[in-house]
Amino acid sequence: MDFNENFILGCSAIGAGLAVIAGIGPGIGQGIAAGHAAAAVGRNPGAQSQIRTMMLLGQAVAETTGLYGLLIAFLLLFLKPLLP
Amino acid sequence: MEHGILLSGGGDVDFMIHGVFQYSFFGHTVWITTTHVCVFIVMLILIVFAFAAKRCMAKASETPGSFQNVVELIVEKLDGMVDVSMEASAPKYYNYIGTVFIFILVSNISGLFGLRPPTADYGVTLPLALITFLLIRINKWKYQKPLTIWEDYCSPLPKWLPIWVPINVISNLAVPVSLSLRLFANVLSGTAMMALVYGLLGWFATLWPAALHVYFDLFSGAIQTYVFCMLTMTYVANEIGDGTRR
């Protein structure tokens, strides 16, 4: 069975949209990290700078999974690997 | 299929790597791309800065002038960062981590100056991550006994039951992949976002994208630089352990 190019491009766009749903996970994770960092600063205001560094580090690492989804979306939209 | 790029007026949206010119290398066609050009510009900036810093430090005075102050501040901060996470073995890694930090930082920020950031090319970030991978492997064999390494590979199970070895090997191989993809995808997403803003909004995108530049280029770039160096140091320090050779 062969489909025409517009159909494949449309499906690629839908796939790209589905791929960036991966952003939900890191969003929740970063929110949890920020919340706990705020709680930690509340308990121990002296360690604020260390806590900030650690929070940013953890968030940047947690962001990776979301970025994988974004990468897939970019591949589908701009490199169009599914076109024959 | 030009309209495939985006719904409307996608002709201006452009953040891809372009070939500048091609040449033949042992029968293969090889392209010099915008990434090469931008890497060379970044390298030129760094080399000029390095020579200026060297000339300045050659006639360093007890009461530092402004430029000497800046150079000393950079070196002190970078060395302090390595000290915190590597402790005893830090002096051996001052040079490498400092170099990588400055290179990645300037590469990420170069989006501000109209370049296409070199780190938005997987061919730049993968070698950086592979160097980290080599450092991890070399230090593992340098500082740990073969029996400990084998136990590590069978890790959750006892050492006479090597069922988990393939999974541990894969998790080791995933380190450079995730390191390089993290840096690459972050910088690429910033570049793509700025290209979309400038390409699709036209005249409307005046002045206020500066705020986006601050976030995508400066903040995100600096954080990712820090994360890359921090993870490299953590992985290597993990392998070194307490620093006793086997």
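Since the model is a prediction, treat every value here as computed from it, not as a measurement. (Residues numbered from 1 in each chain as written. Chains lettered and ligands numbered in written order. Predicted model: local features only at pLDDT ≥ 70, side-chain atom pairs only at ≥ 80, totals over all residues. Heavy atoms only, no water.)

1. Thoughts on the pairing of strand β1 (residues 19–25) of chain B
On a regular strand, each side chain points to the face opposite its neighbour's, so the side chains alternate between the two faces of the sheet.
All names here are of chain B.
So, step 1. With six bridges connecting them, β1 and strand β2 (residues 28–33) associate as antiparallel partners. Looking across to β2, one finds that Phe-25 is bridged to His-28.
So, step 2. Linking β1 to β2, which pair antiparallel, is a turn of two residues; within it Phe-26 sits at a positive phi near 50°. (Pairing = 2+ DSSP bridges. Helix = DSSP H or I, 4+ residues; strand = E, 2+ residues; numbered from the N terminus.)

2. As for the packing of aromatic side chains
Residue and element names in this part refer to chain B.
So, step 1. A full pass over the atoms with the stated rule returns eight aromatic pairs over all chains.
So, step 2. With centroids separated by 5.7 Å and ring planes inclined at 75°, the aromatic side chains of Phe-49 and Phe-67 adopt a geometry described as edge-to-face. Of this pair, Phe-49 sits in helix α1 (residues 34–58) while Phe-67 sits in helix α2 (residues 66–86), and the two are 18 residues apart along the sequence.
So, step 3. Residue Phe-49 is classed as partly exposed on the basis of its relative accessible area of 34%. (Phe/Tyr/Trp six-rings, centres within 6.5 Å; stacked < 30°, edge-to-face > 60°. Buried < 20%, exposed > 50% of the residue type's maximum accessible area, 1.4 Å probe, protein only.)

3. Details of the packing of helix α3 (residues 94–109) of chain B against helix α4 (residues 122–143) of chain B
All names here are of chain B.
So, step 1. Axis separation between α3 and α4 bottoms out at 13 Å; the angle between their running directions is 165°. Viewed along their axes, α3 and α4 adopt a mutual orientation that is roughly antiparallel. For α3 against α4, the interelement crossing comes out left-handed. Every residue of α4 that contacts α3 at Tyr-96, Phe-103 and Ile-104 is listed here: Val-124, Leu-128, Ile-131, Thr-132 and Leu-135.
So, step 2. Classifying every residue of the contact of α3 with α4 gives seven nonpolar, one polar and no charged. (Axes fitted to C-alpha atoms, helices over the stretch in contact; angles between N-to-C directions. Parallel < 35°, antiparallel > 145°, perpendicular 65-115°, else oblique. Left-handed = near helix turned anticlockwise from the far one by under 90°. Contact = heavy atoms within 4.5 Å. Nonpolar A, V, L, I, M, F, W, Y, C, P; charged D, E, K, R; others polar.)

4. Describing the confidence of the model for chain A
So, step 1. Chain-level pLDDT for chain A is 90 on average; 99% of the residues reach the 70-or-more range.
So, step 2. For chain A, helix α3 (residues 48–79) of chain A is the element with the lowest average pLDDT, namely 88, and helix α2 (residues 24–43) of chain A is the one with the highest, namely 95. (pLDDT = per-residue confidence, 0-100.)

5. Concerning the interface of chain A and chain B
So, step 1. Facing 19 residues of chain A, the contacting portion of chain B comprises 22 residues.
So, step 2. Between chain A and chain B, the buried area comes to about 1800 Å², and carbon and sulfur atoms account for 78% of it.
So, step 3. Contact with chain B buries surface across chain A, with Leu57(A), Leu71(A) and Phe78(A) losing the most and accounting together for 28% of the total.
So, step 4. Linking chain A with chain B are one residue pair in polar contact (both at pLDDT 80 or more), by the criterion used here.
So, step 5. The residue makeup of the side of chain A that touches chain B, split by class, is 13 nonpolar, three polar and three charged. (Buried area = accessible area lost by both parts, 1.4 Å probe. Polar contact = N/O pair within 3.5 Å; in protein donor to acceptor, adjacent residues only side chain to side chain.)

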